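Inside the fold
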Amino acid sequence: MISFRVDGRSGVPPYLQIVQQVRQALRMGVLSVGDQLPTVREVVAEVAVNPNTVLKAYRDLEREGLVEARAGQGTFVRGRPPGPPPGTHSRLGRSLARWVREARQAGLDDESIESLLRVTLRADSAAWDSDSEEIA
Amino acid sequence: MSAVIETHELSKRYRRVTALSDCSVTVPESRICALIGPNGAGKTTLLRLLAGLARPTGGAVCVLGGAPRQDPAFLAEIGYLAQEIPLYRRLTAEDHIRAGAHLNPRWDAVSVRTRLADLNIPLDRAVGTLSGGQRAQVALALTLAKRPRLLLLDEPVAALDPLARRHFLGSLTAAVAESGGELTVVLSSHLIADLERVCDHIILLTESRVQLCGDIETLLSEHKVLVGPRKDTSALERTHTVVHAVRTARQSTLLVRVGGPVFDPAYEASDVDLEELVLGYMGASAAPALAHLTAVGEEQ
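Bear in mind the structure is a predicted one, so any value in this text is a computation, not a measurement.

Right, let's talk about the overall build of chain A for a bit. Within chain A one finds 5 helices and 2 strands. Along its sequence from the N terminus, chain A presents helices and strands in the succession α-α-α-β-β-α-α. The C-alpha atoms of chain A give 19 Å as radius of gyration, which overshoots the globular expectation for 136 residues (14 Å, by more than 25%). Taking the principal axes of the C-alpha coordinates as reference, chain A spans close to 55 × 40 × 25 Å. Out of the 136 residues belonging to chain A, those deemed buried represent 21%.

This is the structure we're talking about:
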């Protein structure tokens, strides 16, 4: 079972935060097919949000085919979001952690690291786009 | 979906003071409605009128299909929790549970014991020795034991610390989830961040009048903040309603209720959150009084 966090100041709508946390738990292997999600009552008792917020999140996940509601039983995991298996995430996470340590040792602060990451992401996705155009 | 609360030009005067004027609001079933407004705006008066604890001096009020009245059938459907939590400090929670069984036609004692056990709140200690958060939880559990269809809560979390507040609101939303759509709540508070998480409907009162009433998501989608150069807004106001304007020598920040899709490209439009919406409407009604202080507020 997983528990949710809802940050009222993040700017991301609360229902979307729940959707993203379920997706993330599926990617990381914290949740797998057949697992039960907490009931709406359990979620709202813990994070104090409107019950409709949780219902909306679960309906969205159901539309994506990630969970299914079984009458009288609850909501269960049905599939994983597209992407590599959970092991890939933890492996990449470890090598990123090594890189972050190296960046800190070189004197980069969080803001510089984040902006470097953003710039690299943008440059790389531009490269991806031109690659795929050439293939097309 | 039927309305649990419907008022039409509801008014209440106490001798010379007008506590509520021309209040027309609707709250559909199964909503958690935020009741927001400055102190003295009429929040408690409205709650007391809905609970049948006060009589209107004008207009009409309909709660659960009838006029609020002091009869057992009506009162059995209403849970009302006053600001000063009404518990007997020397009695235990268990004493309150037993007293409630004598006083109420419908009384779910088991649910109170379960709720309080889940929260690790002792049933056998004088409630005066419990923490403020625990006392509020006892009062809420007792109010829910009637299995009301409408719960009216007058600033129940005002005196609680952030963690106790979160727990109280968790218990409240859990009760709504358990009810399967049969429980409607009106909750007054000044803590907009709490209300934004929990509520899906809003009534905003200022100076005894209703400024806003409706579904929160709909209201948010109908409003925008426009930031742009200071200039004449009459063209803009042909399509949109300017709720509140803050103007400096060069810049205008406008809260508008949008009336169409077209925006003046001179303005940058952004979405509003509940706090901006509430403060905008409060600012609009308070503008004349504040004008000499800020010199930027303008009544629209």
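Past the structure itself, the notes keep going.
All names here are of chain B. The buried count for strand S7 (residues 150-154) comes to 5 of 5 residues, which makes it a mostly enclosed element. The side-chain alternation of S7 yields two buried faces, one formed by Leu150, Leu152 and Asp154 and the other by Leu151 and Leu153. Across 4 bridges, the pairing between strand S6 (residues 78-81) and S7 is parallel. Bridging from a neighbouring strand, leucine 81 pairs with leucine 153 of S7.

A few words on helix H2 (residues 40-47) of chain A. Within the sequence span of H2(A), burial applies to Val40(A), Val43(A), Val44(A), Ala45(A) and Val47(A). After H2(A) finishes, the residue Ala48(A) shows a positive phi value of roughly 55 degrees.

Per the domain assignment, the segments making up chain A are domain 1 (14-77) and domain 2 (86-135). Taking only C-alpha atoms, the centre of domain 1 of chain A and the centre of domain 2 of chain A are 30 Å apart.

All right, on to the interface of chain A and chain B then. Counting residues at the interface gives 13 residues for chain A and 16 residues for chain B. Counting only elements with at least two residues in the side of chain A that touches chain B, the list comes to H2 and helix H3 (51-63) of chain A. Per-element accounting of the side of chain A that touches chain B gives the leading share, 5 residues, to H2(A). The class makeup of the residues in the side of chain A that touches chain B is 8 nonpolar, 3 polar and 2 charged.

Quick look at the packing of helix H4 (residues 109-118) of chain B against helix H5 (residues 132-145) of chain B now. Packed helices, taken two at a time, are described by their axes: the angle between them and the distance between them. Residues and elements named next belong to chain B. Two elements in contact, H4 and H5, have axes separated by 8 Å at closest approach and are oriented at 155 degrees. In terms of orientation, H4 lies roughly antiparallel with respect to H5. Here H4 runs over H5; the crossing is right-handed. Residues Ala109, Ser111, Val112, Arg115 and Leu116 of H4 form the contact with H5, whose own contacting residues are Val138, Ala141, Leu142, Leu144 and Ala145.

With that settled, consider the sheet that holds strand S4 (residues 32-36) of chain B. All names here are of chain B. The strand order across the open sheet built from 6 strands is S6-S7-S8-S4-S9-S10, with neighbouring strands paired in mixed fashion. For this open sheet the edge positions go to S6 and strand S10 (209-215), each flanked by a neighbour on one side alone. For this sheet, the mean angle separating the axes of adjacent strands, direction not counted, is 10 degrees. On top of the sheet, H5 reaches S6 and S7; it is set at about 165 degrees to S6, its chief contact.

Moving on, we get to unusual backbone geometry. All names here are of chain B. In this structure, arginine 147 is a non-glycine residue whose phi angle is positive, near 50 degrees. Structurally, arginine 147 is set in the loop between H5 and S7. Residue glutamate 155 is not a glycine yet carries a positive backbone phi of 45 degrees. Inspection of the secondary structure puts glutamate 155 in the loop between S7 and helix H6 (162-178).

Residues and elements named next belong to chain B. Counting buried positions over the 5 residues of S4 gives 5, a clear majority of the element. The side-chain alternation of S4 yields two buried faces, one formed by Ile32, Ala34 and Ile36 and the other by Cys33 and Leu35. Strand direction decides the pairing type here: S4 and strand S8 (residues 184-188), joined by 4 bridges, are parallel. Along S8, the bridge assignment pairs cysteine 33 with valine 186. Summarising the sheet, S4 and strand S9 (residues 201-206) pair through 4 bridges and their orientation is parallel. The partner of isoleucine 36 across the bridge, within S9, is leucine 204.

The rules behind each value
Going along each chain's sequence as written, the residues are numbered from 1 onward. Written order decides the labels, with chains lettered from A and ligands numbered from 1. Local features in a predicted model are, by the rule used here, given only for residues with pLDDT of at least 70; side-chain atom pairs are given and counted only at 80 or more, and totals for whole chains, interfaces and linings are based on all residues. Secondary structure follows DSSP: runs of H or I at least 4 residues long count as helices, runs of E at least 2 residues long count as strands, and numbering of each begins at the N terminus. The size measure is the radius of gyration over C-alpha atoms, and the globule rule it meets is 2.2 Å times the number of residues to the 0.38 power. Partly exposed residues are those falling between the two cut-offs: more than 12 but fewer than 20 other C-beta atoms within 10 Å of their own, whereas 20 or more means buried and 12 or fewer means exposed, with C-beta atoms placed from the backbone. By this definition, two strands are paired if DSSP reports at least two bridges between them. How far each domain reaches was decided by an automatic or database domain assignment. C-beta atoms are first placed from the backbone for all residues, and any pair lying within 7 Å is then listed as a contact. Gly is put with the polar residues, along with every residue not named as nonpolar or charged; the nonpolar set is Ala, Val, Leu, Ile, Met, Phe, Trp, Tyr, Cys and Pro, and the charged set is Asp, Glu, Lys and Arg. In this analysis an axis means a line fitted to C-alpha atoms, helices contributing only their contacting stretch, and an angle means the value between N-to-C directions, from 0 to 180 degrees. We call two directions roughly parallel when the angle between them is under 35 degrees, roughly antiparallel when it is over 145, roughly perpendicular when it lies between 65 and 115, and oblique otherwise. The handedness criterion is simple: a crossing whose near helix is rotated anticlockwise from the far helix by less than a right angle is left-handed, and one whose near helix is rotated clockwise is right-handed.

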